[in-house]
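Summary of the model geometry
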Amino acid sequence: MEADDPNLRIAWRRAHLEAAQPVTEMTRLMRADIVIGAEIRTANDEKVGEIEDIVLDPAQQRIVYVLASRGGFLGIGGNLVAVRWKDLRSTEDHELYVLDIAKSAFDDAPTVDRNNFDRTADMGWQRELDRFWDRNLKR
């Protein structure tokens with residue numbers, strides 16, 4: 001939406017957020033470069049992060065989670081948060097993703113160490129991640 005009126009932009013974005021569908025129910029193919037860089041917002045239209053990368057499980061042939069940047073300035077110094085793919089909803093154009101969580105809970109989400117990504121393959125780490133999202137997502 002290229003409107004100059006900020007109220008129109010907000011209204012347009014909120015309408016898109018309300019119409020967002022679970023990504024697991026989407027039927028169209030999508031390119032990774034459309035997903036990477038997209039904003040993640042709460043259902044209340046609060047920006048919580050931006051998708052920086054996609055993590056695939058080649059054995060299961062699926063997206064496991066996305067890495068969302070949180071904090072920092074211009075991509076520097078922020079944390080990476082692993083958000084399970086199945087927990088996201090997307091607008092039809094994939095410009096916005098919705099995560100049904102309170103912003104304060106997202107701020108407490110476990111982070112991924114940029115320099116020790118291999119740790120995320122550990123089953124204990126994955127269980128901790130699942131417990132966090134299962135406990136904090138609004139259903």
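Details of the structure are given in the entry above.
Computed from a predicted model, the values in this text were never measured in an experiment.

Some words on the packing of aromatic side chains
Summed over the entire model, instances satisfying the criterion amount to four aromatic pairs. Aromatic side chains Trp85 and Tyr97 sit 6.1 Å apart centroid to centroid with 45° between the ring planes, which places their arrangement in the tilted category. One end of the pair, Trp85, is in the loop between strand S5 (79-84) and strand S6 (88-90); the other, Tyr97, is in strand S7 (residues 96-99), and 12 residues separate them in sequence. Each member of the pair, Trp85 as well as Tyr97, is classed as buried. Here the aromatic rings of Phe106 and Trp133 are separated by 6.3 Å at their centres, their planes lie at 45°, and the arrangement is tilted. One end of the pair, Phe106, is in helix H3 (residues 103-107); the other, Trp133, is in helix H4 (residues 123-136), and 27 residues separate them in sequence. On the basis of relative accessible area, Trp133 is assigned to the buried category, the value being 0%. Aromatic ring contacts, followed pair by pair, group Phe106, Phe132 and Trp133 into a single cluster.

Let's talk about H4
Here H4 is 14 residues long and its end C-alpha atoms lie 20 Å apart, about the 20 Å a rise of 1.5 Å per residue gives. Restricting attention to buried positions, one finds in H4 the residues Trp125, Leu129, Phe132 and Trp133. Burial along H4 is one-sided: seen end-on, the buried residues are contained in an arc of 90°. Contacts made by the buried residues of H4 are with strand S4 (62-70), S5, S7, H3 and strand S8 (111-112). One side-chain oxygen at the N-terminal end of H4 lies 3.0 Å from the backbone nitrogen of Gly124; it belongs to Asp122.

What to know about the sheet that holds strand S2 (residues 39-41)
Strand order in the open sheet made by the eight strands is S1-S6-S7-S2-S3-S4-S5-S8, with mixed pairing throughout. The outermost strands of the open sheet, each flanked by one partner alone, are strand S1 (21-22) and S8. Contacts from helix H1 (residues 6-19) reach S1, S2, S6 and S7 within the one sheet, and its direction differs from that of S7 by about 60°.

A closer look at the environment of Val23
Take Val23: it is sitting in the loop between S1 and helix H2 (32-35). On the basis of relative accessible area, Val23 is assigned to the buried category, the value being 5%. Spatially, the C-alpha atoms of Val23 and Tyr97 are 8.9 Å apart, while their sequence positions differ by 74 residues. Contacts of Val23, omitting those with residues within four sequence positions, involve Trp85, Leu88, Arg89, Ser90 and Tyr97.

A word on the nonpolar core
Membership of the largest hydrophobic core comes to 30 residues, with the highest contact counts inside it found for Ile40, Val83, Leu88, Tyr97, Leu99, Phe106 and Trp133. Looking at this core, the elements with two or more residues in it are strand S3 (47-57), S4, S5, S7, H3 and H4. Residues within four places of Leu99 in sequence aside, it is in contact with Ile40, Arg41, Thr42, Ala43, Val83, Asp87, Leu88, Phe106, Trp133 and Leu137.

What about the side chain of Arg89?
Mapped onto the secondary structure, Arg89 falls in strand S6. The buried category is assigned to Arg89, whose relative accessible area is 17%. Within the structure, Arg89 has its side chain in polar contact with the side chain of Asp100 (distance 3.1 Å). Excluding its chain neighbours within four sequence positions, the residues that come into contact with Arg89 are Leu17, Glu18, Ala20, Gln21, Pro22, Val23, Ala43, Leu96, Tyr97, Val98 and Asp100.

Definitions and limits used
- Residues numbered from 1 in each chain as written.
- Predicted model: local features only at pLDDT ≥ 70, side-chain atom pairs only at ≥ 80, totals over all residues.
- Heavy atoms only, no water.
- Phe/Tyr/Trp six-rings, centres within 6.5 Å; stacked < 30°, edge-to-face > 60°.
- Helix = DSSP H or I, 4+ residues; strand = E, 2+ residues; numbered from the N terminus.
- Buried < 20%, exposed > 50% of the residue type's maximum accessible area, 1.4 Å probe, protein only.
- Expected span 1.5 Å × (residues − 1).
- Arc of directions from axis to C-beta.
- Contact = heavy atoms within 4.5 Å.
- Polar contact = N/O pair within 3.5 Å; in protein donor to acceptor, adjacent residues only side chain to side chain.
- Pairing = 2+ DSSP bridges.
- Axes fitted to C-alpha atoms, helices over the stretch in contact; angles between N-to-C directions.
- Core = buried A, V, L, I, M, F, W, Y, C linked by side-chain atoms within 4.5 Å.

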